[in-house]
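Residues per chain, in single letters:
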Amino acid sequence: MVKVTYHGHSVVEIQTNGKTILIDPFISGNGQCNHEASEMKCDVILLTHGHNDHVGDTVELAKKNEALVVAPFELATYLGWQGLNVHPMHIGGAHEFEFGTVKLTQAFHGSSYTDEENQQIIYTGMPAGILFKAEGKTIYHAGDTALYSDMKLLAEHQIDVAFLPIGDNFTMGPEDAATASKWIDAKTTVPMHYNTFPVIEQDPHKFVEKLEEGKGKVLESGESIEL
C-alpha cells in the first residue's frame, strides 16, 4: 500500500516501502499546514525547483532526519554545499532508489532561491515535475508549471494520482489545469498550490467540477488517500 498525504500548498507526503518521502516541504510559513517543521519525519525529500515556497524547510528537515535530498542538479549542488546528502538529477532522467523510482519531467516555470537578508537571487537550474513509482503505483507531482502540450505524453505512464497547481498568476489556473488533467488522464487529480497567498486564491471544489466525474478529489490539509 502507498499512502499519500497532502499538507497544503505543494507539500505531499508519500509513505511506501517503509520510508517517508516529502515533496517540496514548505512547512514554516505555510498557513495551510497543520504541523510544525520540528514535528515532521522523513527519510527522503524530493524537490521540484528552488523557489523558497518549495525548498521550504529542506535544510532543517534533512539535517534532523539525515534524509536524502533528490533535486535538479544545480539545486542539489547548492544544498550539498550546505552539508546535505544530495542526489542530483535532471529533466528526462530517472533513477531507481530503494524506496522507488524517480523521474524528472518538464515544468515551465522559474527556479531560484531568494536570499532576502543579502538581497540575492540564487539560480537553481531548471524547474521540474516528478514522476514517482513504487509498489506498482505512479504519482505525478507537477511542481509549479504552465500548461504545455507535451503533458499529453504523461498519459503513457498510467498515473494513479496527479497533483496539479491551480492557483493561477504563478502557475496554471483552474481552466488550464483542467485541460492538463484531461491530457494526463490520471485516475485521480488533486489540486494544489492555491489559497496560500491572496494572489492564488481559488475554489478547489469548482476546479474538480470541471473534470470528468470521479476524476478529481480535493484533499484538505492532512487528508490522505491510499493507493
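This text follows the structure it describes.
About the cut-offs
Every chain is numbered on its own, with residues counted from 1 as its sequence reads. At least 70 in pLDDT is required for a residue's local features to be given in this predicted model, at least 80 for side-chain atom pairs to be given and counted, and no such filter applies to totals for whole chains, interfaces and linings, which use all residues. Hydrogens and water are ignored here; the side-chain numbers use all heavy atoms of the structure. A run of H or I in DSSP counts as a helix once it spans at least four residues, and a run of E counts as a strand once it spans at least two, with each numbered from the N terminus. We take the radius of gyration over the C-alpha atoms and set the globule estimate at 2.2 Å times the residue count to the 0.38 power. Burial status follows relative accessibility: with a 1.4 Å probe on protein chains alone, a residue under 20% of its type maximum counts as buried, one over 50% as exposed, and anything between as partly exposed. Salt bridges are counted wherever a side-chain nitrogen of Lys or Arg sits within 4 Å of a carboxyl oxygen of Asp or Glu. Stacked, tilted and edge-to-face are the three classes applied to pairs of Phe, Tyr and Trp rings, where Trp contributes its six-membered ring and a pair requires centres within 6.5 Å; stacked means planes under 30 degrees apart, edge-to-face means over 60, and tilted covers the rest. A ring has a charge above it when a Lys NZ or an Arg CZ is no more than 6 Å from the ring centre and no more than 35 degrees off the ring normal. Here, strands pair whenever DSSP counts at least two bridges between them. Here, the arc refers to the directions that run from the helix axis to the C-beta atoms. Here a residue-residue contact requires only that any non-hydrogen atoms of the pair lie within 4.5 Å.

On to the overall build of the protein, then. Tallying secondary structure elements over the protein gives five helices and 15 strands in all. In terms of C-alpha radius of gyration, the protein reaches 16 Å, essentially the compact-globule figure of 17 Å for 227 residues. Structurally, the protein occupies a C-alpha span of about 45 × 40 × 35 Å along its principal axes. Counting every position in the protein, which comprises 227 residues, the buried fraction comes to 53%.

A few words now on the pattern of salt bridges. Evaluation of the coordinates by the stated rule reveals four salt bridges. The shortest N-O distance in the salt bridge between Glu 98 and Lys 19 comes to 3.8 Å. Separated by 79 residues along the polypeptide, Glu 98 in the loop between β7 (94-97) and β8 (100-106) and Lys 19 in strand β3 (residues 19-23) bring together distant segments of the chain. The class of Lys 19 is partly exposed, set by a relative accessible area of 26%.

Here we come to the packing of aromatic side chains. One pass over the full model with this rule turns up five aromatic pairs. On the basis of an interplanar angle of 40 degrees and a centroid distance of 5.9 Å, the ring pair of Tyr 78 and Tyr 113 is categorised as tilted. With a gap of 35 residues between them, Tyr 78 in helix α3 (residues 73-80) and Tyr 113 in strand β9 (residues 112-115) connect regions that are remote in the sequence. Take Tyr 113: its relative accessible area is 23%, and that puts it in the partly exposed class. Aromatic pair Phe 108 and Tyr 148: ring centres 5.1 Å apart, planes at 55 degrees, arrangement tilted. Of this pair, Phe 108 sits in the loop between β8 and β9 while Tyr 148 is found in the loop between β12 (137-141) and β13 (161-165), placing the two residues 40 residues apart along the sequence. Residue class for Tyr 148 comes out buried when judged on its relative accessible area of 9%. The structure contains a cluster of three or more aromatic residues connected by ring pairs, namely Phe 97, Phe 99 and Phe 132. The ring of Trp 183 has Lys 152 lying over it, and the distance from NZ or CZ to the ring centre is 4.7 Å.

Let us now look at the pairing of β8. Relative to β8, β7 runs antiparallel, the two being bridged by four bridges. In the strand pairing of β8, His 95 is matched with Val 102. Between the antiparallel neighbours β7 and β8 lie two residues. Bridge analysis of β8 against strand β11 (residues 128-134) gives six bridges, and the strand direction is antiparallel. Within β11, the residue paired with Gln 106 across the bridge is Ala 128.

An α-helix turns once per 3.6 residues; consequently, residues spaced three or four apart project the same way. Listing the buried residues of α3 in full gives Leu 75, Ala 76, Tyr 78 and Leu 79. Projection of α3 onto a plane perpendicular to its axis shows the buried side chains occupying an angular sector of 160 degrees, all on one side. Buried residues along α3 sit in contact with α1 (52-55), α2 (58-65), β5 (68-72), β6 (85-89), β9 and β10 (120-123).

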